[in-house]
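Given next are the chains, with one letter for each unit.
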Amino acid sequence: MAEKWVERISAFSHSPSHFLSGTTAEAFLADLLREVRDDRASYNVKVLLLSPLCEHPTLLCPSDSVGEETALELMSVFAQCPPKLLQFRCHLLLALTSVLVCTSCVSGRSRASQDFLDLLLQVSQDAGDIHGDGALRSLRATACSCLQELEACCPGLLSQRLELLGGLRQQETSRLHQDFAGLHVLVLRNAVYQLTQETGAGAEHLKAILGGNTSVVWEADQDSVVKNNKESAILSSLILGPMGRVPTLQTGPDCKELRSILSSLLEESYLLTPLCQAALLHRLTEVVAMVPGVTPGIFRTQLLRLLGTAEICLLHVTLLMKCAFTDSLFSAEDEAFILKRLVVLSQHPLLSVPEKLFYMDCILHFPENRPISSSVDDETLPVLLTPRLASALVPTVFNGSATLLSRLNLLSLVCLEEAEDAEGEESRGLAYLHEHLTSLLRIVENGGGRELVVTFFRATFLFLFYFCHVERYSTSLTEQLCELYLRHTHLAPHLINLADQTQDKLPESNWAVELLKALQRVITKAPLGQLTLQDLSWHLKMLARVAEEGDIRQGGTLSFLSGIILSPPSSVCVSGNWRLGNGLLGVCRRLLVHPGLDSLLIPLADVLQHLACRYGDTDIQDHARLYYTLLTTLSREKLAGVLAKGAAEGERQIKKRSLSCVLAEGEGLTTMLTVHQTEEGIFRLTEARRETKEGVSNGKEGGNCPEEANAALEAYRAQFSDPGFASEITLKYELSHAQAHDSRFDQLFSIRIHFILTDDHYEELEDISVPCLFRERPAPVVRLRLKPIRPHPTTLRASAIFTTQDGLSWHTALPDIRVAFQQTFTPPPVPRTWGRSSRLCVFDGLWGEICSESGDSVTSLFCCQLKEAAVRKLVEEHFLPYLASDPAQKEESKVLVFLPPRSHVLMKIRSEEDAVHFDVATDNWQLLPHINSYLLRVTSSQEDALD
């Protein structure tokens with residue numbers, strides 16, 4: 001029975017809606033409650049049965065009445081449960097809280113919620129635990145947490161129990177003191193807030209609540225329920241600053257009871273953990289802000305330790321207090337000290353990057369005593385942050401990405417203010433920031449990684465956001481970006497995004513248009529004979545973006561296209577590259593809707609006609625023919641209605657009429673020429689048997705290697721210096737349909753699979769073509785050839801374009817392909833005539849070389865518990881192709897693994913008395929984490945197999 005319930009609860013947790021489709025929530029809840037009441041069921045199973053009520057109470061209790069009945073059942077079980085079963089009783093309290101809160105029984109002040117509240121208060125003040133050995137402490141802690149949850153969801157619920165909660169807090173000497181302090185201050189804050197909402201409330205009402213010990217007043221009428229719900233929503237959005245928005249309670253100076261409670265809580269605050277201290281001080285700050293009769297000076301005794309704290313949460317709450325009370329609590333000296341401390345902490349070497357970024361953000365949103373701006377959302381610099389003080393935060397190329405950008409943002413604001421103070425004179429800091437941006441550009445130009453490239457373009461946008469009006473630097477930056485693009489055309493998407501974001505955020509600036517003009521100029525003037533296929537593809541993407549600007553003349557772009565398609569001897573049209581053809585058509589499509597189309601009509605028609613007649617791909621010819629027909633048949637207005645993006649409903653109707661006038665079944669033709677996107681994956685690549693291509697120097701196999709290790713190693717090393725040496729990893733995959741069945745995709749043709757790298761560990765992959773894929777036929781095998789730069793694990797993103805039997809073209813995404821570390825293993829590339837003894841010589845030579853050299857070479861030891869039979873099986877299953885020693889040798893196995901392009905991993909595997917030792921040596925220390933993870937996996941799987 002227990003196993004059955006485990007399966008049912010697991011199925012419900014995995015998909016509640018699917019589970020309840022086979023039954024009803026009412027029936028499932030009845031089964032749960034019946035099993036919880038059953039004395040024959042174990043309490044471990046009963047704890048599991050309560051999890052659906054904790055996680056999905058609204059599904060099982062869809063109405064308040066069902067929730068109240070369920071709560072009454074659970075309270076009955078709690079009353080009959082033996083006291084020693086503390087864990088089960090704790091789970092019962094949690095389940096009751098979830099049910100009553102989520103079904104609105106608490107906000108509706110139902111009888112069940114009143115009984116449950118009395119139960120929680122009774123458990124939380126259990127005298128047997130207070131004077132005993134603390135066995136009930138976990139149950140009392142749970143009860144206190146449930147009370148906090150109820151009060152947070154229904155503010156004011158415990159307002160009549162403030163005196164009782166204060167007494168519990170003061171008499172508690174265990175760690176539960178912290179829980180009761182948090183509950184007490186939450187109830188106090190909510191009670192004061194509710195008084196601010198009552199007309200005519202004053203000191204007498206406050207004194208009555210603070211000293212009252214009556215039972216909770218339960219409102220019966222529905223209007224009160226609605227009012228409480230509304231107050232809950234308002235209270236949950238109570239924000240500290242500026243405190244002028246917080247409602248106030250006019251009590252006059254007569255607030256000694258409240259001051260006494262606040263002083264007591266503040267005196268005990270140092271006993272709490274930093275996070276709980278911060279929460280308590282936050283609530284007390286709200287209370288003092290709502291009661292003008294209590295001066296903020298009550299916090300003065302706490303400021304000394306708060307200003308010098310190393311806890312980030314306490315410093316944060318100090319800033320919140322400063323935002324609330326400004327110069328009524330903080331002097332000018334305090335303000336200067338806090339700001340200098342934030343500057344120091346923003347660069348402290350022992351702090352983590354997130355902490356330092358938080359302090360930087362605090363500087364940008366510093367709550368000044370006398371703020372110039374009333375906005376609390378905008379980033380502004382405090383008046384006391386002088387350029388000299390901010391100079392400690394200048395960005396450097398050694399900063400991380402987030403730190404660099406944060407510092408650049410702050411220093412840009414400093415430079416803006418410095419320029420305003422200097423009445424338009426150029427800031428020295430601005431020159432430094434431009435030099436810093438140039439340094440980043442040089443690093444990117446010399447082959448910086450992907451993260452650095454993204455950081456550079458984000459930094460460039462920040463610089464332009466603040467200083468695009470400085471013509472000297474914006475013009476220089478445009479020239480530098482053009483030079484960078486010509487050397488690294490793959491940065492085209494980053495440049496396009498930079499232009500887009502600049503236009504979006506700086507609509508008054510013309511910098512983005514000037515950049516696109518400059519890029520068009522350098523592209524169209526570049527020698528056509530020196531263009532590679534990849535450069536041309538990026539140029540077309542860039543020119544397509546340039547063609548979107550109506551203010552940029554497109555004559556140069558059309559001349560470039562004409563030169564490309566007519567250039568002998570290896571004409572682009574003859575190649576028939578489908579992706580390149582789409583790039584050409586993408587530019588033409590944007591030119592069709594350009595405002596200056598009248599002046600481009602003849603050369604654009606010539607380009608489209610040439611593509612329609614001469615391009616070596618039928619799909620590209622059809623698209624070009626359609627564009628040519630539209631260009632030569634439709635008026636400019638109708639052409640824009642057909643092709644312009646974001647067409648309205650009326651324009652769509654124009655499109656239908658226009659195409660019907662041009663071609664019979666025009667819409668059908670457009671559908672045929674459009675590449676459609678699938679809603680889900682159509683097929684997948686599943687790993688099959690792997691092949692390795694060994695690098696052998698020009699086919700020279702040589703003779704037997706000398707037995708001396710040094711001579712063998714010298715002969716082995718000689719292969720790597722041979723220009724004919726090449727090594728790659730070939731992975732075999734089966735291309736098969738996904739499980740989801742769609743008859744439209746049973747027969748697929750002309751499949752072209754494209755791969756995208758997610759890191760820089762491998763060289764770019766070539767596309768793979770598959771003639772066809774039929775669901776009823778065996779899955780075709782494709783070979784994926786990887787050329788590692790670093791033999792690390794990686795993930796490849798894949799997509800494909802294919803044609804269905806009805807002639808439609810489709811694009812689909814494939815599941816990511818994960819290349820594991822062991823998939824980079826290949827046998828050592830020794831000549832085929834070498835025997836095992838020669839491999840052993842190479843192993844010994846490499847081992848001695850790695851152990852004697854420093855640099856990237858390193859040795860390590862991996863140990864595990866395996867039986868002798870398991871060790872033999874491990875070597876046979878995982879290391880047999882790489883074995884350098886005799887397989888019959890039982891004492892020690894020597895493994896030599898080659899990882900392209902130039903790395904080796906060597907292992908000596910032997911059984912000792914206490915464990916199995918894997919002595920590892922490698923000439924690439926960066927492989928050690930991957931080696932360790934791999935050995936952990938294969939050894940643990942071997943243990944599991946034997947068990």
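Coordinates for the structure precede this section.
Definitions and limits used
Residues numbered from 1 in each chain as written. Predicted model: local features only at pLDDT ≥ 70, side-chain atom pairs only at ≥ 80, totals over all residues. Heavy atoms only, no water. Helix = DSSP H or I, 4+ residues; strand = E, 2+ residues; numbered from the N terminus. Buried < 20%, exposed > 50% of the residue type's maximum accessible area, 1.4 Å probe, protein only. Contact = heavy atoms within 4.5 Å. Areas by Shrake-Rupley, 256 points an atom, 1.4 Å probe, with all protein chains shown as cover. Salt bridge = Lys/Arg side-chain N within 4 Å of Asp/Glu carboxyl O. 1 Å grid on protein atoms, 1.4 Å probe; cavity = no way out; pocket = protein on both sides within 12 Å on 5 of 7 lines; lining within 4 Å. Points joined across faces, edges and corners; volume = space filled by probe spheres on them. Core = buried A, V, L, I, M, F, W, Y, C linked by side-chain atoms within 4.5 Å. Pairing = 2+ DSSP bridges. Axes fitted to C-alpha atoms, helices over the stretch in contact; angles between N-to-C directions. Parallel < 35°, antiparallel > 145°, perpendicular 65-115°, else oblique. Nonpolar A, V, L, I, M, F, W, Y, C, P; charged D, E, K, R; others polar. Disulfide = S-S within 2.5 Å. Patch = residues over 30% accessible without salt bridge, like charges linked within 9 Å, V, L, I, M, F, W, Y side chains within 5 Å. Polar contact = N/O pair within 3.5 Å; in protein donor to acceptor, adjacent residues only side chain to side chain. Expected span 1.5 Å × (residues − 1). Phe/Tyr/Trp six-rings, centres within 6.5 Å; stacked < 30°, edge-to-face > 60°. Lys NZ or Arg CZ within 6 Å of the ring centre and 35° of its normal.

Novice: Mind laying out the overall build of the chain, listing which residues take part and the relevant values?
Specialist: Counting its secondary structure elements, the chain contains 40 helices and 13 strands. Taken across its 947 residues, the chain has 48% of its residues classed as buried. For the chain, long-range pairs separated by at least 24 residues make up 71% of all intrachain contacts whose partners lie at least 6 apart in sequence. On the chain, roughly 45,800 Å² of surface is accessible, and the fraction owed to carbon and sulfur atoms is 51%.

Novice: Requested: an account of the pattern of salt bridges, with residues and values cited.
Specialist: Scanning all chains against the criterion turns up 32 salt bridges. Here Arg-579 and Asp-767 are joined by a salt bridge, their closest N and O atoms 3.2 Å apart. Of this pair, Arg-579 sits in helix 31 (residues 578-592) while Asp-767 sits in the loop between strand 5 (747-757) and strand 6 (768-774), and the two are 188 residues apart along the sequence. We classify Asp-767 as partly exposed; its relative accessible area is 22%.

Novice: Go over empty space enclosed by the protein, please, and point to the residues and values.
Specialist: Here the structure, examined in full by the defined rule, presents three cavities of 30 Å³ or more. Space inside the largest cavity adds up to approximately 40 Å³. In this structure, the largest cavity is lined by Ala-203, Leu-206, Lys-207, Leu-210, Asp-254, Cys-255, Glu-257 and Leu-258. Elements with a minimum of two residues in the lining of the largest cavity: helix 13 (203-211) and helix 15 (256-268).

Novice: Residues and numbers for the side chain of Thr-460, please.
Specialist: Tracing the backbone shows Thr-460 in helix 24 (residues 450-467). When near neighbours in sequence (up to four residues on either side) are disregarded, Thr-460 contacts Leu-437, Leu-477 and Leu-498.

Novice: Give me the lowdown on the nonpolar core, citing residues and values where you can.
Specialist: Formed by 207 residues in total, the largest nonpolar core has its most connected members in Leu-188, Leu-258, Leu-410, Leu-481 and Leu-561. When sequence neighbours within four positions are dropped, the list of residues in contact with Leu-188 reads Leu-162, Leu-210, Leu-258, Ile-261, Leu-262, Leu-265 and Val-287. Counting residues in each nonpolar core, the second largest holds 30 residues, with Ile-753, Tyr-762, Ile-768 and Phe-802 among its members.

Novice: Explain the sheet that holds strand 12 (residues 903-911) residue by residue, including any values.
Specialist: Strand order in this open sheet of four strands is 10-13-12-11, and the pairing throughout is antiparallel. A single partner strand is all that each edge strand has here, and the edge strands are strand 10 (858-864) and strand 11 (892-899). Within the sheet, the average angular offset between the axes of one strand and its neighbour, ignoring direction, is 20 degrees. The strands touched by helix 38 (residues 836-852) within the sheet are strand 10, strand 11, strand 12 and strand 13 (916-922), with strand 12 carrying the most contacts at an inclination of about 100 degrees. Of the strands in this sheet, strand 11, strand 12 and strand 13 are in contact with helix 39 (residues 868-879), which crosses strand 12 at around 160 degrees.

Novice: Tell me what's going on with the pairing of strand 12, and back it up with residues and numbers.
Specialist: Taking burial as the measure, the nine residues of strand 12 include seven buried ones, the bulk of the element. Judged from the eight bridges that link them, strand 11 and strand 12 form a sheet pairing that is antiparallel. Within strand 12, the residue paired with Val-895 across the bridge is Met-907. Connecting strand 11 to the antiparallel partner strand 12 that follows it, the hairpin turn spans three residues. Across seven bridges, the pairing between strand 12 and strand 13 is antiparallel. Counterpart to Val-905 in the pairing with strand 13 is Thr-922.

Novice: Talk me through the packing of helix 23 (residues 428-445) against helix 25 (residues 471-487); I want residue IDs and the actual numbers.
Specialist: Relative orientation and spacing of two packed helices are given, respectively, by the angle between their axes and the distance between those axes. Direction vectors running N to C along helix 23 and helix 25 enclose 5 degrees, while the axes themselves pass 11 Å from each other. When the interaxial angle is binned, helix 23 and helix 25 end up roughly parallel. Facing helix 23, whose interface residues are Leu-430, Ala-431, His-434, Leu-437, Thr-438, Leu-441, Arg-442, Val-444 and Glu-445, helix 25 presents Tyr-473, Ser-476, Leu-477, Gln-480, Leu-481, Leu-484 and Arg-487. Grouping the amino acids of the contact of helix 23 with helix 25 by side-chain chemistry returns nine nonpolar, four polar and three charged.

Novice: Would you mind going over the state of the cysteines in detail, with residue names and values included?
Specialist: Counted by the stated rule, this structure contains zero disulfides. Cys-146 supplies the cysteine sulfur nearest to Cys-144, a cysteine that is in no disulfide, at a spacing of 9.3 Å.

Novice: Report on a nonpolar patch on the surface, specifying residues and quantitative values.
Specialist: Taken together, the side chains of Val-397, Phe-398 and Ile-443 make up a nonpolar region of the molecular surface, amounting to roughly 300 Å² of accessible area. Here Phe-398 is to be found in the loop between helix 21 (387-390) and helix 22 (401-421). On the basis of relative accessible area, Phe-398 is assigned to the exposed category, the value being 79%.

Novice: Talk me through the environment of Phe-457; I want residue IDs and the actual numbers.
Specialist: As for its placement among the helices and strands, Phe-457 is situated in helix 24. Along the backbone, Phe-457 and His-494 are 37 residues apart, and their C-alpha atoms lie at a distance of 7.0 Å. In contact with Phe-457, other than residues within four places in its own chain, are Leu-481, Leu-491, His-494, Leu-495 and Leu-498.

Novice: Account for unusual backbone geometry, with residues named and values stated.
Specialist: Apart from glycine, the bulk of residues carry a negative phi angle, and the bulk of peptide bonds sit in the trans form. The linkage connecting Pro-900 with the following residue, Pro-901, adopts the cis geometry, with an omega of 5 degrees. Mapped onto the fold, Pro-901 is located in the loop between strand 11 and strand 12. Even without a glycine there, the phi angle at Thr-326 is positive, about 40 degrees. Summarising the element assignment, Thr-326 is placed in the loop between helix 18 (312-325) and helix 19 (332-345).

Novice: Quick one: what's the story with the sheet that holds strand 9 (residues 809-819), residue by residue and with numbers?
Specialist: Read across the sheet, five strands follow the order 1-9-8-5-6 without closing on themselves; strand pairing throughout is mixed. Two strands close off the open sheet at either side, each with one partner strand: strand 1 (675-677) and strand 6. Neighbour-to-neighbour, the strand axes of the sheet open up by a mean angle of 35 degrees, direction not taken into account. Relative to strand 9, strand 1 is paired through three bridges, and the arrangement is parallel. Across the sheet, His-676 pairs through a bridge with Trp-810, a residue of strand 9.

Novice: Could you give an account of the side chain of Thr-794, with specific residues and numbers?
Specialist: Relative to the elements of secondary structure, Thr-794 occurs in strand 8 (residues 794-804). At 2.8 Å, the side chain of Thr-794 forms a polar contact with the side chain of Asp-759. Those residues in contact with Thr-794, other than ones at most four positions away along the chain, are Thr-758, Asp-759, Tyr-762, Ile-817, Arg-818 and Val-819.

Novice: Quick rundown of helix 4 (residues 43-55)? Include the residues and the values.
Specialist: Under the 1.5 Å per step criterion, the end-to-end length of helix 4 is 19 Å for 13 residues, consistent within 8% with the ideal 18 Å. By the burial criterion, the buried members of helix 4 are Val-45, Lys-46, Val-47, Leu-49, Leu-50, Ser-51, Pro-52 and Leu-53.

Novice: Give a detailed account of the packing of aromatic side chains, specifying residues and quantitative values.
Specialist: Under the counting rule described, the total for this entry stands at 22 aromatic pairs. Ring centres of Phe-745 and Phe-802 lie 5.9 Å apart, and the angle between their planes is 80 degrees; this geometry places the pair in the edge-to-face category. One end of the pair, Phe-745, is in the loop between strand 4 (728-737) and strand 5; the other, Phe-802, is in strand 8, with 57 residues separating them in the sequence. Overall, Phe-802 belongs to the buried group, its relative accessible area being 0%. Following the ring pairs from residue to residue traces out a cluster consisting of Phe-461, Phe-463, Phe-465, Tyr-466, Phe-467 and Tyr-473. Sitting over the ring of Trp-5, Arg-8 keeps its end group 4.8 Å from the ring centre. Above the ring of Tyr-43, the side-chain terminus of Lys-46 is found at 4.6 Å from the ring centroid.

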